[in-house]
Amino acid sequence: MTNLALWGGIGAVVIASTIGDVLQSRAMKEIGDLGLMRQERGLFGVIRRVMSNPRFMLGLVFMAIGFFSLLITLSWGDVSVVGPATASLTFIANALVARVYLKENVDRRRWLAAIFVAGGVALLAL
Amino acid sequence: MTVRKYIVLFAVAAFAACGDVSLSRGMKVVGAVTLAGLPSLFTALLNPWVVLGILLLIGFFISYLTALSWADLTYVLPGTAVSYILTVSLAKFFLHEHVSVWRWLGVALITIGVGFVATGPEATPGAHRHNRDAGREAVTLADAGSEA
């Protein structure tokens, strides 16, 4: 498998995982504090509320797409490249998309956190 | 942040690390899975370590969603990267794997990254349903400040 296909696969994993992550984060922001909700509605009320959120379900679909693209990409290249590359690039992609789509306040401190963690995860492959 | 919230964040990291290590230990017993031997994936489900790993990862998902319900994604993801540190430590002391100097350096970088995010606020004001009022209040105060 060519390098281009391998990095295409890694890109697909990063995009699908990031979309899945931000959709789920958006869904949980809409639903609100699960701890407080459990006190009011009970555990089954919380489960029903989460499962009936369309963004949460769409997020699950994208997480599944990310997982299966990861499995396929792993069959094209070494796990020592694919694993850390997808994990560290997903940290950076999430910070970018969270700022735009989730309107999160991604200040310098959070950027440094994302970059240090992404770098550290990449080093774990060595 | 309350103690309960720190416990939830630590649970995210601990469930993820213990789940991965448990699955890894189970799959080492089951052996490599090939496309031709796909049915062996089902026998993997009979391995107690694999079952424990799946239960722990369900615990991870529940605590992860709970954390996202009151904290930003850009806080939860780097904040719970403690799981990588736990995984390397468990791999070293529980699975007796060799951990290179580069991996320990990676652990050091992750620790610094977690330190950066952990010292800041966990949520953007007004981003979560239960703190929408806090967001409006922050905007009003900012407006009042700019008018003054």
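From a predicted model like this one, the values you see are computed outputs, not experimental measurements.

### Focus on the interface of chain B and chain A
Moving on, step 1. Facing the 32 residues of chain B at the interface are 36 residues of chain A.
Moving on, step 2. Listing elements by their share of the side of chain B that touches chain A, those giving two or more residues are helix H3 (48-68), helix H4 (73-79), helix H5 (82-93) and helix H6 (101-118) of chain B.
Moving on, step 3. At eleven residues, the largest contribution of residues to the side of chain B that touches chain A is made by H6 of chain B.

### Thoughts on the nonpolar core
Moving on, step 1. Within the largest apolar cluster, 63 residues are counted, with the highest numbers of intra-cluster contacts made by Val-117 and Val-121 of chain A together with Val-12, Ala-67, Leu-68 and Ile-110 of chain B.
Moving on, step 2. The element best represented in this core is helix H1 (residues 3-31) of chain A, accounting for ten residues.
Moving on, step 3. Beyond its immediate chain neighbours, meaning those up to four positions away, Ala-67 of chain B contacts Val-8, Leu-9, Val-12 and Val-76 of chain B.

### Here we look at the packing of H5 of chain B against H6 of chain B
All names here are of chain B.
Moving on, step 1. Between H5 and H6, the shortest axis-to-axis distance is 9 Å and the interhelical angle comes to 150°. When the axes of H5 and H6 are compared, the pair comes out roughly antiparallel. For the pair H5 and H6, the sense of crossing is left-handed. Contacts from Val-82, Tyr-84, Ile-85 and Val-88 of H5 reach H6 at Arg-103, Val-107, Ile-110, Thr-111 and Val-114.
Moving on, step 2. For the contact of H5 with H6, a count of residues per class yields seven nonpolar, one polar and one charged.

### Quick look at unusual backbone geometry
All names here are of chain A.
Moving on, step 1. Even without glycine at this site, Lys-103 takes up a positive phi of about 55°.
Moving on, step 2. Among the structural elements, Lys-103 can be located in the loop between helix H4 (79-101) and helix H5 (108-123).
Moving on, step 3. Overall, the presence of 14 C-beta atoms within 10 Å leaves Lys-103 in the partly exposed class.

### Remarks on the environment of Thr-111 of chain B
Moving on, step 1. The residue Thr-111 of chain B is located in helix H6 in this model.
Moving on, step 2. Through-space distance from the C-alpha of Thr-111 of chain B to that of Lys-28 of chain B is 29 Å; in sequence the pair is 83 residues apart.

Conventions and cut-offs
Residues numbered from 1 in each chain as written. Chains lettered and ligands numbered in written order. Predicted model: local features only at pLDDT ≥ 70, side-chain atom pairs only at ≥ 80, totals over all residues. Contact = placed C-beta atoms within 7 Å. Helix = DSSP H or I, 4+ residues; strand = E, 2+ residues; numbered from the N terminus. Core = buried A, V, L, I, M, F, W, Y, C linked by C-beta atoms within 7 Å. Buried ≥ 20, exposed ≤ 12 C-beta atoms within 10 Å, placed from the backbone. Axes fitted to C-alpha atoms, helices over the stretch in contact; angles between N-to-C directions. Parallel < 35°, antiparallel > 145°, perpendicular 65-115°, else oblique. Left-handed = near helix turned anticlockwise from the far one by under 90°. Nonpolar A, V, L, I, M, F, W, Y, C, P; charged D, E, K, R; others polar.

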